[in-house]
Amino acid sequence: MARSCTPSPRSPAQAGQATPSHQGSCSVSDRDLSEHFYRGPAGVRCYDHEKAWPGYTLFSPAFGDQALLIDMNGLAVKNWPVVHCQLPELLPNGHLLADNYLGGLMELTWSGELVWQWEGMYHHDFARLPNGNTLFLLATDGPDERGISILDELRSDSIVEITPQNEVAWQWHFLDHVEELRDLGRVPLPVTVRDWLHTNTLEVLPPNVSGERDERFRAGNLLFSCRSQDVIGVVDREREQIVWAWGVGYLDGQHQPTMLENGHILLFDNGTLRGYSRVVELDPLSEKVVWAYEDPETFFSPYRAGVQKLPNGNVLVCESDSGRLFELTEGKEIVWEYRTPLLGEQGRHIYRATRYGPDLIHPLLEQDEVMVILEGEQVRLTKREAVERYWLSW
């Protein structure tokens, strides 16, 4: 029988007023976030076997030293050693691509062997391209030579593509497109914070319905999110121009916009100033919100977050700042919920999580073995056998 998935209400402190500003750095060193910490039991808190999409969920504690893959019951079936990580992703070949926040990127085999590394001021997001190159966000500090800020120095972002040999194949600078952000996205100038963009998402658009109707959203263009300006947008890769931007006046410190097959954009709207979060599905052609989930009493992640559309139509939500993952149906029913027991440098936070299907994970689990006690004797099984036969993951 499935356990109840009724969420626990936030504490009185959690339900209080939000921090006055989300502009600028995501660093919490100068903020007291203790009111957002979850202090209850950890692990899987509910699991509706009939309605949840079964798979394995990958995450790392924010700025942590391990990436963890768990099954639907919260069993850790795999972990990798990483460095100052907040975003791990699995590649189709079973390798792990993970970030070292503001330090670079690393690629590990399923068994944990380091096979590729790049060092530099990477931050927030990356994508491995079909040609083997890697696309990522790069931060640069320097003087405000364009006069777009009331400050003397800025931290700005660029999109960089590098080869497996770490050679730069392409680079695109946001500072060269300030007027496009202003005109299309209504971004106010001059900016008033040093980290004037704080870009936190970079996605290569997949084939989608909106792209078939409007070339701005065609496959191969780049979807981005600038948290400091409450704006998301699209870069036309061929024209090297921002061709669409939206969010000012509606979004509030958002994270991880992602293009769906139906041409809509799913994203996490943090609500840093609003005081509660929401998950939003936007039709970018009409710029109308067509679906949203919010629960001011239980749902709030002011500074980090993520979302993933699952194959059955459900949404995996990463409520980062409370270390909570949950799966939501289109009817807004919570059918799986997990609270992390792991600590990173910023407590029980999870920056982003991704669920992978058994079709990818089960063949990889065949490579690992584990000892179990069966009828009083030690028996060696593959991890897939152990998970399916004895730990009853499904």
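Please read all numbers here as calculations on a predicted model, not as lab measurements. (Residues numbered from 1 in each chain as written. Predicted model: local features only at pLDDT ≥ 70, side-chain atom pairs only at ≥ 80, totals over all residues. Heavy atoms only, no water.)

### Brief notes about the nonpolar core
The nonpolar side chains of soluble globular proteins are, as a tendency, buried together.
Right, so step 1: L135, I159, F174, L181 and W196 are the most contacted members of the largest nonpolar core, which has 24 residues in total.
Right, so step 2: Secondary structure elements with two or more residues in this core: β10 (134-143), β11 (153-162), β12 (168-173), α1 (178-185), β14 (222-226), β15 (231-236) and β16 (241-246).
Right, so step 3: With three residues, β14 is the largest single contributor of residues to this core.
Right, so step 4: Apart from residues lying up to four places away in sequence, L135 is in contact with D125, F126, A127, L129, I159, V160, E161, W170, L202, V204, L222 and R237.
Right, so step 5: One finds Y56, C85, L96 and Y356 within the second-largest nonpolar core, a separate group that totals 19 residues. (Core = buried A, V, L, I, M, F, W, Y, C linked by side-chain atoms within 4.5 Å. Buried < 20%, exposed > 50% of the residue type's maximum accessible area, 1.4 Å probe, protein only. Helix = DSSP H or I, 4+ residues; strand = E, 2+ residues; numbered from the N terminus. Contact = heavy atoms within 4.5 Å.)

### Remarks on the pattern of salt bridges
Right, so step 1: Counting across every chain of the model gives 22 salt bridges.
Right, so step 2: The residue R218 makes a salt bridge to E238 at a minimum N-O spacing of 3.4 Å. In this pair, R218 is assigned in the loop between α2 (209-213) and β14 and E238 in the loop between β15 and β16, connecting sequence segments 20 residues apart.
Right, so step 3: The partner of E337 in a salt bridge is R339, and the shortest N-O contact between them spans 3.7 Å.
Right, so step 4: The exposure class of E337 is buried, given its relative accessible area of 4%.
Right, so step 5: For R339, a relative accessible area of 6% puts it in the buried group. (Salt bridge = Lys/Arg side-chain N within 4 Å of Asp/Glu carboxyl O.)

### Considerations on the sheet that holds strand β20 (residues 288-294)
Right, so step 1: Strand order in this open sheet of four strands is β17-β18-β19-β20, and the pairing throughout is antiparallel. Among the strands making up the open sheet, the edge pair consists of β17 (255-259) and β20. Averaged over all adjacent pairs, the angle separating strand axes in this sheet is 20 degrees, with direction ignored.
Right, so step 2: Bridge count for strand β18 (residues 265-269) against strand β19 (residues 278-283) is five bridges, and the pairing is antiparallel. The residue bridging L266 from the neighbouring strand is E281, located in β19. (Pairing = 2+ DSSP bridges. Axes fitted to C-alpha atoms, helices over the stretch in contact; angles between N-to-C directions.)

### Here's the deal with helix α3 (residues 358-365)
Right, so step 1: Turning to α3, its buried residues are I361, H362, L364 and L365. Viewed end-on, α3 has its buried residues packed into an arc of 165 degrees, placing them on one side of the element. (Arc of directions from axis to C-beta.)

### Examining unusual backbone geometry
Right, so step 1: With an omega dihedral of 0 degrees, the bond running from L189 to P190 counts as a cis peptide bond.
Right, so step 2: Mapped onto the secondary structure, P190 falls in the loop between α1 and β13 (199-204).
Right, so step 3: Positioned with a positive phi, E240 is a non-glycine residue whose angle comes to about 55 degrees.
Right, so step 4: Mapped onto the elements of the fold, E240 is located in the loop between β15 and β16.
Right, so step 5: Here K332, not a glycine, exhibits a phi torsion of approximately 70 degrees, which is positive.
Right, so step 6: Relative to the elements of secondary structure, K332 occurs in the loop between β23 (324-328) and β24 (334-339).

### Overview of the environment of L154
Right, so step 1: On the secondary structure map, L154 appears in strand β11.
Right, so step 2: On the basis of relative accessible area, L154 is assigned to the buried category, the value being 5%.
Right, so step 3: Along the primary structure L154 and D141 are separated by 13 residues, whereas in three dimensions their C-alpha atoms are 5.8 Å apart.

### Considering the confidence of the model for the protein
Low pLDDT marks regions whose predicted coordinates should not be analysed in detail.
Right, so step 1: Considering every residue of the protein, the mean pLDDT works out to 89; 89% of them sit at 70 or more.
Right, so step 2: Overall, residues 8-33 carries pLDDT values under 50, and its contacts beyond four positions in sequence, including any with other chains, amount to 58 contacts. (pLDDT = per-residue confidence, 0-100.)

### Some words on α1
Within an α-helix, residues lying three or four positions from one another point in the same direction, as the helix has 3.6 residues per turn.
Right, so step 1: Residues of α1 that are buried include every one of V178, L181 and G185, and no others. Seen from one end, α1 has its buried residues packed into an arc of 75 degrees, which puts them on one side.
Right, so step 2: Looking one or two residues beyond α1, the residue adopting positive phi is R186, at roughly 60 degrees.

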